[in-house]
Amino acid sequence: MKYTCEVVVDKPRDEVIKVFDNPDNMKYWQKGFESFEHVSGEPGKPGAESIIKYDFGNRKMELIETITFRQLPDEFHGNYTTKGVVNIQKNYFKEEGGKTKWISEAEFKFSGFMKIMAFFMGKKPFKKQTQAFMEDFKAFAEGNPKYGN
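This write-up is about the structure you can find in this document. Please read these numbers as outputs of a predicted model, since none were measured by experiment.

1. Quick notes on the environment of Pro46
Working step 1: Mapped onto the elements, Pro46 comes out in the loop between strand E2 (33-40) and strand E3 (49-55).
Working step 2: Each C-alpha atom of the pair Pro46 and His77 lies 8.8 Å from the other, and the pair is 31 residues apart in sequence.
Working step 3: Other than its neighbours up to four places away in sequence, Pro46 contacts Ile67, Thr68, Phe69 and Arg70.

2. Describing the packing of aromatic side chains
Geometrically, a pair of aromatic rings is defined through the distance of the ring centres and the angle of the planes.
Working step 1: Within this structure, the stated rule accounts for 17 aromatic pairs.
Working step 2: Relative to Phe137, the ring of Trp102 lies with its centre 5.1 Å away and its plane at 75°, an arrangement referred to as edge-to-face. Taken together, the residues Trp102 in strand E7 (residues 99-110) and Phe137 in helix H4 (residues 124-141) connect sequence positions 35 residues apart. In terms of burial, Trp102 and Phe137 fall into one category: buried.
Working step 3: Grouping aromatic residues by their ring pairs yields a cluster made of Phe20, Trp29, Phe76, Phe93, Trp102 and Phe137.

3. Concerning H4
Working step 1: The terminal C-alpha atoms of H4 lie 26 Å apart, and with 18 residues this matches the ideal 26 Å at 1.5 Å per residue to within 8%.
Working step 2: Those residues of H4 that fall on the buried side of the exposure criterion are Phe126, Thr130, Phe133, Met134, Asp136, Phe137, Ala139, Phe140 and Ala141.

The rules behind these values
- Residues numbered from 1 in each chain as written.
- Predicted model: local features only at pLDDT ≥ 70, side-chain atom pairs only at ≥ 80, totals over all residues.
- Heavy atoms only, no water.
- Helix = DSSP H or I, 4+ residues; strand = E, 2+ residues; numbered from the N terminus.
- Contact = heavy atoms within 4.5 Å.
- Phe/Tyr/Trp six-rings, centres within 6.5 Å; stacked < 30°, edge-to-face > 60°.
- Buried < 20%, exposed > 50% of the residue type's maximum accessible area, 1.4 Å probe, protein only.
- Expected span 1.5 Å × (residues − 1).

Laid out in structure tokens, this is it:
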């Protein structure tokens, strides 16, 4: 399953990247975020692995993030793996007249029971979640008072 989402952040790209590239900020724009723990490799560099935990109330999720490509401020790619799911995420940041267009390409690969679940769910809930995270990131990066910045 593949899809693309995008958002335009009303801030220059260098400011957007500072917010995006700081794991301490994830709690402000990823609903359900619990923790980020670096476990191997050089932090922030290709090959680095981290554990990201979420609590969505009725379910908890733990992902292994593996950075696969990093050439900021232009691109950041990573794989996010949990039981039965691999999310291959490619993020592109384009400067557009003092604003930043963030384009996120997602590819999900499923195995086992999750393959059946994904078949019945379709891509809509996955794309909706990605777009919601991106919209919340935009609000946080632009200094929305809801986020206390």
